[in-house]
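Close look at the chain arrangement
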Amino acid sequence: MKKVVVLVLFAAIIALAIWLLLQLKGFGGLGKKTDEGEGKNDTSVSEVVEKKETTTSEEATEEKSEVINISVSKNEYVYDNKVTFLEDLVKIISEKDKDTQIEITIDDTAAKNTVDKLTDKLDELGYKNYKKLDK
């Protein structure tokens, strides 16, 4: 008999605690909802802000700069859809500005030393703006 009374009393205490938490909004807004505070802030105004992106001179020159695409396949350099020797390629590149983007597309069959020769030559000439792209 004592166990039943203790059990009922324990259940009543838990139910009371849950009810109090709900009334005091202890669970983040699960309590009763009121209309209190609605419509009282009629004077607030939201402001629309437009963000204009300005182009810096670096970005402008980057957009205008030329991109040289070179493909390396086996032991060959391909530029402008023609197989080219390294010396001829160096002559073409050396006529361009040092900020020129150079994209080197490396084929699966490309020899590592062929790619290394090209990148070493570009470094020697001062062209640091190149990317190696895998095909």
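See the structure printed just above.
A count of helical and extended segments in the protein gives 4 helices and 5 strands. Tracing the protein from N to C terminus, the helices and strands come up as α-α-β-β-β-α-β-α-β. Counting across all 135 residues of the protein, residues that qualify as buried make up 18%. A separation of at least 24 residues holds for 68% of the contacts in the protein among residues at least 6 apart in sequence.

Of the positions making up helix α3 (residues 86-94), those classed as buried are Leu 86, Leu 89, Val 90 and Ile 93. Axial view of α3: buried residues confined to an arc of 100 degrees, hence all on one face. Seen from the open side of α3, the exposed residues pointing more than 90 degrees away from its buried face are Glu 87 and Lys 91. In this structure, the buried side of α3 is in contact with β1 (67-73), β2 (76-79), β3 (82-84), β4 (101-106) and α4 (112-125).

This part covers a nonpolar patch on the surface. A cluster of nonpolar side chains, namely Phe 10, Ile 14, Ile 18 and Leu 22, defines an oily patch on the protein surface of about 350 Å² accessible area. With respect to the helices, strands and loops of the structure, Ile 18 is situated in helix α1 (residues 2-23).

Our focus in this paragraph is the pattern of salt bridges. For the structure on display, the rule yields 4 salt bridges. Residue Lys 121 is joined to Glu 124 by a salt bridge in which the shortest nitrogen-to-oxygen separation is 3.3 Å. Of this pair, Lys 121 and Glu 124 both sit in helix α4, 3 residues apart, roughly one helical turn. With its nearest N and O atoms 3.8 Å apart, the salt bridge here joins Lys 128 to Asp 123.

Thresholds, definitions, all that
Residues numbered from 1 in each chain as written. Predicted model: local features only at pLDDT ≥ 70, side-chain atom pairs only at ≥ 80, totals over all residues. Heavy atoms only, no water. Helix = DSSP H or I, 4+ residues; strand = E, 2+ residues; numbered from the N terminus. Buried < 20%, exposed > 50% of the residue type's maximum accessible area, 1.4 Å probe, protein only. Contact = heavy atoms within 4.5 Å. Arc of directions from axis to C-beta. Patch = residues over 30% accessible without salt bridge, like charges linked within 9 Å, V, L, I, M, F, W, Y side chains within 5 Å. Areas by Shrake-Rupley, 256 points an atom, 1.4 Å probe, with all protein chains shown as cover. Salt bridge = Lys/Arg side-chain N within 4 Å of Asp/Glu carboxyl O.

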